[in-house]
Amino acid sequence: MNTITCILNENQRLHLKHVFQEYLVLNTPPYAEYQLKPENCTITAYLSGKVVFQGKDATTYAATYNPEVKKEKSKAVTHSDHQSHAGSDEVGTGDYFGPVCVSACFIGQQDIAWVKSLKVNDSKQLTDEKIIEIAPQLMERLDHSLLIVSPSKYNQIHNAYNMNQIKAILHNQAYLHLKSKIQQLPKLAVVDQFTPEKSYYHYLVGQKEIIRGLHFETKAESHYLAVACASMIARYAFLKSWEAMETQYEMNLGKGAGAKVDQDGVAFIKKYGKERLGEVAKLHFKNTEKIADLL
Ligand code: MN
């Protein structure tokens, strides 16, 4: 059992309580100000200012507040170029047509030089051809997980969850799958940030298992090799699914969500009927109304 004790001022204690408010325990133990029981940790705050984190993930929860742990964490971030780390990214959430693909990828220390030699650093600048050439090599050599959510499935899920919630659930799933492959996630696991950390975990309330201790950063694919690799793997899966979709429906469909996409939507409906649009498109996009107006 992991136990970490720190002294927090009143503001920090309030902040902590606020962040994990849905885990507040009703029967507060004697002398305690409050107690929280999030996944894998019990957090007890005392009026004296003492806060005790106890449980498997105590270090993770305490990291924000315990200066010792924090120092270690920020050191890890600056040295990600040389050390094992994991990263995750998603593709397809800005495209009306096609699936949403999410990947989480692990790079062990021994593979860092190899990945660097492939020049994956700026995945956004790579052409589709380059991705189709490099991604299979990454997938063969690196431990990774990959989730492909078809438009039909996506539309079904979107009835209950918004886009950011779906992304959070998928990133969490991707890390769970990755964890099952490599036993233990590395200390540094980076999410290409799409929502603030607090909202991310809020979206995951109710999930069976939640991966904690992730590092959130925007434009992470330019700073972390594993995020760049995850981004390429997800992009590769997206492109392959796209190819299969165009072959199946014998149509060329546009990427993104612009005017060309509306035209393609009209053409699809003329060929297959309105009720089948959900097989290829994310129906909650504004494009669906624009397409209906154009018909
Ligand atoms: Mn991203």
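One can find the structure itself at the top, above this paragraph.
Residues numbered from 1 in each chain as written. Predicted model: local features only at pLDDT ≥ 70, side-chain atom pairs only at ≥ 80, totals over all residues. Heavy atoms only, no water.

(A) Molecular detail of the coordination of the manganese ion. Only Asp 89 (OD) and Asp 192 (OD) from the protein reach the manganese ion as donors, at distances of 2.1 to 2.2 Å. Residue Asp 89 is located in strand E5 (residues 85–91), and its partner Asp 192 is located in strand E8 (residues 189–192); the two are separated by 103 residues in the primary sequence. Just as Asp 89 is buried, Asp 192 falls in that class too. (Donors = N, O, S within 2.8 Å, 3.2 Å for Na, K, Ca; no water. Helix = DSSP H or I, 4+ residues; strand = E, 2+ residues; numbered from the N terminus. Buried < 20%, exposed > 50% of the residue type's maximum accessible area, 1.4 Å probe, protein only.)

(B) Spotlight on the packing of aromatic side chains. Inspection of every chain in the model, using the stated rule, returns 12 aromatic pairs. Where Tyr 201 meets Phe 216, the ring centres are 5.9 Å apart and the plane angle is 80 degrees; that geometry is what we call edge-to-face. Separated by 15 residues along the polypeptide, Tyr 201 in helix H8 (residues 197–203) and Phe 216 in strand E9 (residues 215–217) bring together distant segments of the chain. On the accessibility criterion, Tyr 201 (10% relative accessible area) is buried. Among the residues examined, Phe 216 registers a relative accessible area of 10% and is labelled buried. (Phe/Tyr/Trp six-rings, centres within 6.5 Å; stacked < 30°, edge-to-face > 60°.)

(C) Looking closely at the side chain of Glu 246. Take Glu 246: it is sitting in helix H9 (residues 225–249). At 2.9 Å, the side chain of Glu 246 and the backbone nitrogen of Leu 253 are in polar contact. Here Glu 246 is in contact with Met 251, Asn 252 and Leu 253, once residues within four sequence places are set aside. (Polar contact = N/O pair within 3.5 Å; in protein donor to acceptor, adjacent residues only side chain to side chain. Contact = heavy atoms within 4.5 Å.)

(D) Looking closely at the packing of helix H5 (residues 128–141) against H9. Running from amino to carboxyl end, H5 crosses H9 at an angle of 115 degrees, the nearest separation of the two axes being 9 Å. The pairing of H5 with H9 is recorded here as roughly perpendicular in orientation. Crossing handedness for the pair H5 and H9: left-handed. The segment H5 lies against H9, with Asp 128, Ile 131, Ile 132, Ile 134, Ala 135, Pro 136, Leu 138 and Met 139 engaging Cys 229, Met 232, Ile 233, Arg 235, Tyr 236 and Leu 239. The residue makeup of the contact of H5 with H9, split by class, is 12 nonpolar, no polar and 2 charged. (Axes fitted to C-alpha atoms, helices over the stretch in contact; angles between N-to-C directions. Parallel < 35°, antiparallel > 145°, perpendicular 65-115°, else oblique. Left-handed = near helix turned anticlockwise from the far one by under 90°. Nonpolar A, V, L, I, M, F, W, Y, C, P; charged D, E, K, R; others polar.)

(E) Seen up close, the nonpolar core. Membership of the largest hydrophobic core comes to 69 residues, with the highest contact counts inside it found for Leu 16, Ile 43, Phe 53, Phe 97, Tyr 175 and Leu 214. The greatest single-element share of this core, amounting to 10 residues, is contributed by helix H7 (residues 163–182). Setting aside residues no more than four positions away along its own chain, Phe 97 makes contact with Phe 238, Trp 242, Met 245, Leu 253, Gly 254, Val 261, Asp 264, Gly 265, Leu 277, Val 280, Ala 281 and Lys 282. (Core = buried A, V, L, I, M, F, W, Y, C linked by side-chain atoms within 4.5 Å.)

(F) The packing of helix H10 (residues 259–272) against helix H11 (residues 287–294), seen in detail. The interhelical angle for the contact between H10 and H11, taken along N-to-C directions, is 60 degrees, at an axis separation of 9 Å. As far as their axial angle goes, H11 and H10 are oblique. Two packed elements cross with a definite hand, and for H10 against H11 that hand is right-handed. In this structure, H10 contributes Val 261, Asp 262, Gln 263, Gly 265, Val 266 and Ile 269 to the contact, and H11 contributes Asn 287, Lys 290, Ile 291 and Leu 294. Grouping the amino acids of the contact of H10 with H11 by side-chain chemistry returns 5 nonpolar, 3 polar and 2 charged.

(G) Geometry of the sheet that holds E9. Reading across from one edge, E7-E6-E5-E8-E9 is the order of the 5 strands in this open sheet, with mixed pairing throughout. Of all the strands in the sheet, just strand E7 (144–149) and E9 have a single pairing partner and so form its edges. Neighbour-to-neighbour, the strand axes of the sheet open up by a mean angle of 15 degrees, direction not taken into account. Of the pairings in the sheet, the one linking E5 to E8 comprises 3 bridges and is parallel in character. (Pairing = 2+ DSSP bridges.)

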